[in-house]
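Okay, here's what each chain looks like letter by letter:
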Amino acid sequence: MKLQRKNGLRATALGAIAVTGALVLTACGSDDNAGGTGGTGEQTNAASNIKCDGAKGKLLASGSSAQKNAMDLWVKNYMAGCKGVEINYKSSSSGEGIIAFNQGTVGFAGSDSALKPEEVAESKKICQGGGQGINLPMVGGPIAIGYNVPGVDNLTLDASTIAKIFNGKIKNWNDPAVAALNKGAKLPDKAIQPFHRSEDSGTTANLGKYLGATAKADWPYEAEKKWPAPGGQAASGSAGVAAQVKQAEGSIGYFELSYATSQSIPTVKINTGAAAPVEASSENASKAIAAAKIKGTGKDLALGLDYSTKADGAYPIVLVTYEVVCDTGNKADTLGTVKSFLTYTAGDEGQKLLSGAGYAPIPAEINTKVRETVAGLK
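Throughout what follows, the structure given in this document is the object of discussion. (Residues numbered from 1 in each chain as written. Predicted model: local features only at pLDDT ≥ 70, side-chain atom pairs only at ≥ 80, totals over all residues. Heavy atoms only, no water.)

**A word on the environment of G208**
Stage number 1. With respect to the element layout, G208 can be found in helix α6 (residues 202–214).
Stage number 2. On the basis of relative accessibility, which here comes to 8%, the residue G208 falls in the buried class.
Stage number 3. Here the alpha-carbon distance between G208 and E224, two residues 16 residues apart in the chain, equals 7.0 Å.
Stage number 4. If we skip the residues at most four places from it in the chain, G208 touches W219 and A223. (Helix = DSSP H or I, 4+ residues; strand = E, 2+ residues; numbered from the N terminus. Buried < 20%, exposed > 50% of the residue type's maximum accessible area, 1.4 Å probe, protein only. Contact = heavy atoms within 4.5 Å.)

As structure tokens, then:
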């Protein structure tokens, strides 16, 4: 196996996140949580049953900001269980994570969209011995549509109105199309300020897939990581979009549910044509993700999601974040840590943390295949 070049970059300390109740955890990419740089042998943490076999030193990873809050929890627990191992996950964007992976500067990348054929082809330069990049679904969850309209704490939209708001065709909160979906609500005569991601984002791509599947006439754009529509204002990362929505009256934006819950941002219920509008929740996202089918081949576990579901209680705007690794030809010096860490995140203990943090666990049938694939990484 050919060794890839080492990267001296360090991930910066990440901001604090709020998780259910009053529990506040600090991000774990800084030296304060590192226990040194020595190897861990085959130690197992008795309290959490985290297996540290083969893990050692420092592991750099980067990508999706959608999974940042889940990754913060995982890194904190893993580093507490595997003393002497340091996991630095840089929350940036799916696009940046894949670029870093295909440049050989990270042990794995996080992406909210499966690798494109050209990205798989590029990965073959990094994954040695005939290997290539594969997608391992690890985090599921709803993409919430958060809004800031004082006096309105219960808002329903459908695919058409969401599309028209984000492409500038619906400009005011008291627009007749919005009012028709919210009878009795006191919608203000106030301009809508839509916010979108400034950088390539898998969250953007997944929102585009939903709108393309359900409101094609109002959203005539390809589902790409780059924001396609005119107008609106841009912010960096899911955290940046959520921060703008939190402070700007009349605003609306999209981000993972964990960002809405941690900042008490109200979220839109979606009229899907089901018996009742569906709210963004881990449980409702799980109902949609449970219907996903594996569309990848070989060891690749990319999923096909049904964004146009009308099943009762199924929240349709969902994403699955993948950890991108080489099926074979991973870095020799970090392979043990990658396998150990992803074994933990895909395990029962790692997946159980997701619901409490605003995410949805990967369905058991699919997750079984993830665990098998992680165990066979070379």
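**Some points on the layout of surface pockets**
Stage number 1. In this structure, the largest pocket occupies an estimated 370 Å³ of space.
Stage number 2. Around the largest pocket, the lining comprises 19 residues; the ones closest to its centre are S113, A114, K209, A223 and K295.
Stage number 3. Contributions of two or more residues to the lining of the largest pocket are made by α6, β13 (303–304) and β14 (318–326).
Stage number 4. Here the lining of the largest pocket takes three residues from α6, the largest share from any one element.
Stage number 5. Counted by class, the lining of the largest pocket contains 10 nonpolar, three polar and six charged residues.
Stage number 6. Here the second largest pocket defines a volume of roughly 290 Å³. (1 Å grid on protein atoms, 1.4 Å probe; cavity = no way out; pocket = protein on both sides within 12 Å on 5 of 7 lines; lining within 4 Å. Points joined across faces, edges and corners; volume = space filled by probe spheres on them. Nonpolar A, V, L, I, M, F, W, Y, C, P; charged D, E, K, R; others polar.)

**What about the state of the cysteines?**
Stage number 1. Considering all chains together, one arrives at two disulfides under this definition.
Stage number 2. The disulfide partner of C52 is C82, and the S-S distance across this bridge is 2.0 Å. Where C52 bonds to C82 through sulfur, the torsion about that S-S bond is close to -85°, and the disulfide is left-handed. Separated by 30 residues along the polypeptide, C52 in the loop between β2 (23–25) and β3 (58–63) and C82 in the loop between α1 (68–81) and β4 (86–91) bring together distant segments of the chain.
Stage number 3. For C52, a relative accessible area of 0% gives the class buried. (Disulfide = S-S within 2.5 Å.)

**Describing helix α9 (residues 282–289)**
Stage number 1. Buried residues of α9: S282, N284, A285, A288 and I289, and no others. An end-on view of α9 places all buried positions within 165° of arc, on one side of the element.
Stage number 2. Among the structural elements, β6 (133–148), α8 (257–263), β14 and α11 (348–356) are those in contact with the buried residues of α9. (Arc of directions from axis to C-beta.)

**Brief notes about the environment of E86**
Stage number 1. Here E86 is to be found in strand β4.
Stage number 2. With a relative accessible area of 4%, E86 lands in the buried category.
Stage number 3. A sequence separation of 31 residues divides E86 from A55, and the C-alpha atoms of the two residues are 9.5 Å apart.
Stage number 4. At a separation of 3.1 Å, a polar atom in the side chain of E86 contacts the side chain of N88. (Polar contact = N/O pair within 3.5 Å; in protein donor to acceptor, adjacent residues only side chain to side chain.)

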